[in-house]
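Given next are the chains, with one letter for each unit.
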Protein chains: 2
Amino acid sequence: MKVRILVSFKDSVLDPQGQTVTNALHTMGYDAVMNVRQGKVFDLDLEGVTRKEAEALVPEIAHRVLANPIIEKFDWEILKVR
Amino acid sequence: MKVRILVSFKDSVLDPQGQTVTNALHTMGYDAVMNVRQGKVFDLDLEGVTRKEAEALVPEIAHRVLANPIIEKFDWEILKVR
């Protein structure tokens, strides 16, 4: 099974990397870009895991390892069941 | 309009960060995780842009600014048209 986890700052947390990208794009003339938020994506290959097991396992991994729950949130989805 | 751009290493390029996450998860007992690939995600707010303009603008920004086309690939999608 292939799953994708997206980790990004909570909306209330400042995102200096995203702000830097926004500024760079404005400098280059891309004025239509009002705001950029940057995050991380993790694509995991899981083996021998049912959909039900994944629904417990993936949030646990995201919460314990991939995201800092104080300042970050995560979303996840199944890309391929196989 | 809200668009999401995913930037990740090409499949042929080693991903040491993803390998480190894989190793950490194995150490913690998550043996079902066979492989992890890490990438970046950029959520952009665009203003005054039609869907057709976005289809030219977003790949241009991804190619010129957000991804290194030598070693990285990108995907993008429209999250919200508004």
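Above this text you will find the structure in question.
The shown structure was predicted, so the numbers you read here are calculated from the model rather than taken from an experiment.

1. Details of the environment of His-63 of chain A
All names here are of chain A.
And then number 1: By secondary structure assignment, the location of His-63 is in helix 2 (residues 51-66).
And then number 2: Its relative accessible area of 44% is what places His-63 among the partly exposed residues.
And then number 3: The sequence separation of His-63 and Phe-74 amounts to 11 residues, and the corresponding C-alpha distance is 8.1 Å.

2. Examining the relation of the copies chain A and chain B
And then number 1: Once chain A has been moved 0.0 Å along the axis and rotated by 180 degrees, it coincides with chain B to within an RMSD of 0.0 Å. The superposition of one copy onto the other is thereby described by a two-fold rotation axis. For chain A, the residue whose C-alpha comes nearest the rotation axis is Lys-40 of chain A, separated from it by 2.3 Å.
And then number 2: Here 100% of the interface residues in chain A have copies in chain B that are interface residues too; the copies meet face to matching face.

Thresholds applied
Residues numbered from 1 in each chain as written. Chains lettered and ligands numbered in written order. Predicted model: local features only at pLDDT ≥ 70, side-chain atom pairs only at ≥ 80, totals over all residues. Heavy atoms only, no water. Helix = DSSP H or I, 4+ residues; strand = E, 2+ residues; numbered from the N terminus. Buried < 20%, exposed > 50% of the residue type's maximum accessible area, 1.4 Å probe, protein only. Least-squares fit on C-alpha atoms with pLDDT ≥ 70 in both. Contact = heavy atoms within 4.5 Å.

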